[in-house]
Amino acid sequence: MALISTNCSPTTETLQLLRFADLAEGDLRLTADGILFAGLGVDERKALFARHLATYVPLAAHIKRILDEDQITCQRIRPIKQSGQSSTGRATVSYFHMMKRQEF
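Residues numbered from 1 in each chain as written. Predicted model: local features only at pLDDT ≥ 70, side-chain atom pairs only at ≥ 80, totals over all residues. Heavy atoms only, no water.

**Quick word on the packing of helix α2 (residues 32-39) against helix α3 (residues 42-56)**
- Here α2 crosses α3 at 150 degrees, and the two axes come no closer than 9 Å. In this view, α2 runs roughly antiparallel relative to α3, as classed from their interaxial angle. The handedness of the crossing between α2 and α3 comes out as left-handed. Residue-level inspection shows Asp33, Leu36, Phe37 and Ala38 of α2 in contact with α3, the latter providing Arg45, Leu48, Phe49 and His52. (Axes fitted to C-alpha atoms, helices over the stretch in contact; angles between N-to-C directions. Helix = DSSP H or I, 4+ residues; strand = E, 2+ residues; numbered from the N terminus. Parallel < 35°, antiparallel > 145°, perpendicular 65-115°, else oblique. Left-handed = near helix turned anticlockwise from the far one by under 90°. Contact = heavy atoms within 4.5 Å.)

**Structural notes on the side chain of His52**
- Summarising the element assignment, His52 is placed in helix α3.
- When residues no more than four places from it in sequence are discounted, the contact partners of His52 are Leu18, Arg19, Phe20, Asp33 and Val57.

**A short note on the pattern of salt bridges**
- The full count for this structure, using the stated rule, is two salt bridges.
- A salt bridge links Glu69 to Arg65, with the nearest nitrogen and oxygen atoms 3.1 Å apart. On the criterion of helical spacing, the pair formed by Glu69 and Arg65 is a turn pair, its members being four residues apart in helix α4 (residues 58-82).
- Here Glu69 falls in the partly exposed class, since its relative accessible area comes to 29%.
- Judged by relative accessible area, which is 40%, Arg65 ranks as partly exposed. (Salt bridge = Lys/Arg side-chain N within 4 Å of Asp/Glu carboxyl O. Buried < 20%, exposed > 50% of the residue type's maximum accessible area, 1.4 Å probe, protein only.)

**Details of a nonpolar patch on the surface**
- On the surface, Leu59, Ile63 and Leu67 cluster together into a nonpolar patch covering about 290 Å² of accessible area.
- Summarising the element assignment, Leu67 is placed in helix α4.
- Overall, the relative accessible area of 53% leaves Leu67 in the exposed class. (Patch = residues over 30% accessible without salt bridge, like charges linked within 9 Å, V, L, I, M, F, W, Y side chains within 5 Å. Areas by Shrake-Rupley, 256 points an atom, 1.4 Å probe, with all protein chains shown as cover.)

**Considering the packing of aromatic side chains**
- Counted by the stated rule, this structure contains one aromatic pair.
- Both rings, one in Phe20 and one in Phe37, keep their centres 5.0 Å apart while their planes meet at 40 degrees; by these two values the pair is tilted. Placement of the pair is Phe20 in the loop between α1 (9-17) and β2 (21-24) and Phe37 in helix α2, with a sequence separation of 17 residues.
- What makes Phe20 buried here is its relative accessible area of 4%. (Phe/Tyr/Trp six-rings, centres within 6.5 Å; stacked < 30°, edge-to-face > 60°.)

**Brief notes about the pairing of β2**
- Relative to strand β3 (residues 27-30), β2 runs antiparallel, the two sharing four bridges. Looking at the pairing, Ala24 lines up with Asp27 of β3.
- Once β2 ends, the chain turns through two residues before running back antiparallel as β3, passing Glu25 with a positive phi of about 55 degrees. (Pairing = 2+ DSSP bridges.)

Dropping the structure here:
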């Protein structure tokens, strides 16, 4: 592991939470993924960060899942609205969305 001196507690905690570093005897040591992250390009860093965020931060994973589900639902409903659906059908769709948001 690479060795880094640390003075910034929030940064240290974030790196530990995302499993990019470990703190041992006051020294911050990069994990294998931390070293990998440091050597990647911007897009690859974004992808690795997103994977670690979804894996190690349950709330972030939950939010992403809800947003993904909502996007899929919206893609399914849009064609129905464009097909000249009745106002009753639109009300049902609106009610569905309101109920879905209350699940969280």
